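Next come the chains, spelled out residue by residue.
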Amino acid sequence: MNFHATIAGVPRIGPDRELKKALETYWKDSSTGRSLASTATQLTNNYTNAVLAAGVDAVPFSGRSFYDATLDTSALLGVLPERVQDIADHDNDGLPAFIDRYFATARGTSELPASAMTKWFDTNYHYIVPELSASTTFSLDDSAFLEDVSDQIKRVGTAVRPVLVGPLTYLSLARTTDGSSALSHLDELFATYARLLPRIADRGVEWLQLDEPTLVTEVDAAVLEQVRAGYEKLSAASGLKLLVQTYFGEGEQALQTLSGTGVAAIGVDLVAGSTELPSWTGSELLVAGVVDGRNVWRTDLDAALETLRGLAERGPVAVSTSCSLLHVPYNLDREAQLRAEHPEVVEWLAFGTEKIQEVAVLSRALQSVSTPADEAALEASRKAIAARAESPLTHNSSVRKRTEAITEEQRHRDPVAKRREAQATSLDLPPLPTTTIGSFPQTQEIRAARAKFRKGDIDVAAYEQAMKDEVADVIRRQEELGLDVLVHGEPERNDMVQYFSEQLEGYLSTEFAWVQSYGSRCVRPPIIFGDVHRPEAMTVNWYKAAQDLTNKPVKGMLTGPVTMLAWSFVRDDQPLGETADQVALALQDEIDDLVAAGAQIIQVDEPAIRELLPLRKEDQPAYLEWAVGSFRLATASAPNEVQVHTHMCYSEFNELIDTVSNLDADVTSIEAARNGMQVLEALKTAGYELGVGPGVWDIHSPRVPSQSEVDELLASALDSVDPRLLWVNPDCGLKTRGWDETTESLKVLVSAAQKARQNA
């Protein structure tokens, strides 16, 4: 039988970040493996139970994922990197035998580098990039996954639907170590899945989900034919009903490719994609993603129901979320402070639990079996949608007048040659200047002071003094290390976006709305509900506290407008470009104040510039126009002698070198060490003429890089970049690292720069 209501995917970190805490405990003490296994199991069971209790009759199940679903797939297929294969099997504790190789791939070890990590399509979730080659062969290591599946089937029956990353998507996200095409393995991988799926069916499974978001991107016609043939074979041989799930874009290509192959259901994102779907003939179950899985606004239930009823006239329809609920917080009910301070706005919101309820309400309405509670939910949706549209909270007339008055001239600085001459005089830096990205370790003392302040145990003055003491310590350490351009360390910032959102009007912050960014890393994205503006200076006092302690230049540190959007839940009632310009004007005011306070270098971080890039090329120029324009609007008022930096990380920069150049930052630091300096060839080919700092230390691995390793990375950079333009820096900020490894790693970095200067 077909199901009627489902969700496209589930979160794994836990509403109180239980998995994060268990992971970090295990990484410090491997004897806690049984506790880690138990935590993962309990979180999975609790979530499945809650979804079924809400009235949803089918629940996706990815097994107990301890870091990332793509990494899970690499382990399942027996293709963890060759360098970790000598690590012995783990001695159970309820964990998969491969768990230590798995974590070595994700995080590295003291001797082994981690695999590359990058963004999952156009989201702020990160996945571990599979490493393949022409000689790769797939060898199933499926005992842990099959055991997890069996346990769930025994617990709740066939309402559980196991989930795998689909063959096309897995290979399209992989990289090869020998220059071969990962997609050359497509037929082989379908054959491997054909061996795996009957083993899953033997566990009593009825439905299996294969995630294929790559089918919303531009895929070569020949590859689509391979995909079609592959799914025909899987459908015929598996003994399972297959749901192929897409998300993040138009579903039409997936329908054209998969209709008639024998798959039982096709899932499409009707929030990011069109609802027309001309290729759907009704021969397969359409899993209609009408509830937004990426943002936190209530669904317009009447509009969604109208869409569903129109589709149901053409064939069988199940109600779903547009994508996995991995991307939204767990539960709105916990946000008591938000409800007390912003009761009107709270009525416009829906987190994970509320979205599951929306799916259930829509499903019953579509089946004409609504309850009185469902009718009340539909009426509440109507009132909330109308109240938000009419609320004065979303509009600020002075902000709108200012954005309407923006001219093209306000987005441009003087030519780079003129700026470079002025900055050479004002800064007088050595060749290959050394710096860091911004943050330094967030120590236990910092966290304790922040907790005391939050609880009211210390007042503002005591808290600020504690943070200024940390700033003084960071400045002292940097001077002792011999760094050339310093930072204040950002002890006062819990998160680079949240910190600014708490000081900008138009934003809301939460207490418990955690979402997973990668591994054990979680963030609480703020919510943009109205027009954004800056009531007062946000960073000037911290900059001055640091600069007063040293004669070396200290960078002013800001988060750029695109990242302020990408790492927030954005308003969906106006174009993103308009919101970006509002944020840019607030940042422009902050830059003006920093310049007035004496700042000679100001860094405006844009790690998410690639993240929001539309998945289809035809949609990209419009995005890049407003994204680049907002950054330039924020920074263009800086005088020529003030050096503007930006920072980018975990994105495919080879595709965006022109965009990086168009931002017109004087210096761009780029994550590069973890990706093997792949960006260098693009820099060289493009004839890049601005300052650049390709990272020479991967800070996301818990290891101190060797001197020879950093020397070689810097030598590679010098082969591709004019030494007059090259900076030496880590890949990213250092807030997650400890002081011991930070100090030793920076010693290596400074030594490499000093040796390179002598040899230049």
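None of the values given here were measured: they were computed from a predicted structure.

Rules behind the numbers
- Residues numbered from 1 in each chain as written.
- Predicted model: local features only at pLDDT ≥ 70, side-chain atom pairs only at ≥ 80, totals over all residues.
- Heavy atoms only, no water.
- Buried < 20%, exposed > 50% of the residue type's maximum accessible area, 1.4 Å probe, protein only.
- Helix = DSSP H or I, 4+ residues; strand = E, 2+ residues; numbered from the N terminus.
- Pairing = 2+ DSSP bridges.
- Right-handed = clockwise from strand over helix to strand, strands pointing away.
- Phe/Tyr/Trp six-rings, centres within 6.5 Å; stacked < 30°, edge-to-face > 60°.
- Lys NZ or Arg CZ within 6 Å of the ring centre and 35° of its normal.
- UniProt positions renumbered as here; feature names shortened; annotations may be inferred.
- Expected span 1.5 Å × (residues − 1).
- Arc of directions from axis to C-beta.
- Polar contact = N/O pair within 3.5 Å; in protein donor to acceptor, adjacent residues only side chain to side chain.

### Concerning the pairing of strand 18 (residues 643-648)
And then number 1: Burial runs high along strand 18: 6 of the 6 residues are buried.
And then number 2: The two faces of strand 18 match: Gln-643, His-645 and His-647 on one face and Val-644, Thr-646 and Met-648 on the other face are all buried.
And then number 3: Sheet analysis places strand 17 (residues 601-605) next to strand 18, joined by 3 bridges and oriented parallel. Residue pairing in the sheet places Ile-602 in a bridge with Val-644 of strand 18.
And then number 4: Taken together, strand 17, helix 23 (residues 620-635) and strand 18 form a β-α-β motif whose crossover is right-handed.
And then number 5: Alignment of strand 18 against strand 19 (residues 667-670), held across 4 bridges, turns out to be parallel.

### Observations concerning the packing of aromatic side chains
And then number 1: As enumerated under the stated definition, the model contains 16 aromatic pairs in all.
And then number 2: Ring geometry for Tyr-247 versus Phe-248: centroids 4.7 Å apart, planes at 80°, classification edge-to-face.
And then number 3: Classification of Tyr-247 by relative accessible area gives buried; the value is 4%.
And then number 4: With relative accessibility at 6%, the residue Phe-248 sits in the buried group.
And then number 5: Across from the ring centre of Phe-512, 4.5 Å away, lies the NZ or CZ of Arg-334, which sits over that ring.
And then number 6: When the ring centre of Trp-297 is taken as reference, the NZ or CZ atom of Arg-388 above it lies at 3.8 Å.

### With respect to the UniProt feature "binding site: L-methionine" (unreviewed entry) in the protein
And then number 1: When the UniProt feature table is mapped onto this chain, "binding site: L-methionine" (unreviewed entry) is found at Ile-437, Gly-438, Ser-439, Glu-490 and Asp-605. On the basis of their most widely separated C-alpha atoms, the annotated residues across 169 residues gather in one place, lying no more than 13.5 Å apart.
And then number 2: Along the chain, Gly-438 turns up in the loop between helix 16 (416-427) and helix 17 (444-455).
And then number 3: Its relative accessible area of 1% is what places Gly-438 among the buried residues.

### A closer look at helix 8 (residues 221-237)
Note on helix geometry: an α-helix contains 3.6 residues per turn, so any two residues three or four positions apart are oriented the same way.
And then number 1: Spanning 17 residues, helix 8 covers 25 Å between terminal C-alpha atoms, matching the ideal 24 Å at 1.5 Å per step.
And then number 2: Val-223, Leu-224, Val-227, Gly-230, Tyr-231, Leu-234 and Ser-235 are the residues of helix 8 that are buried. Along the axis of helix 8, the buried positions cluster into a sector of 130°, meaning they face one direction only. Facing away from the buried surface of helix 8 by more than 90 degrees, the exposed residues are Ala-221, Glu-225, Lys-233 and Ala-236.
And then number 3: Residue Asp-220 occupies the N-cap position of helix 8, its side-chain oxygen lying 2.9 Å from the main-chain nitrogen of Ala-222.
And then number 4: Within two residues after helix 8, Gly-239 carries a phi angle of roughly 75°, on the positive side.

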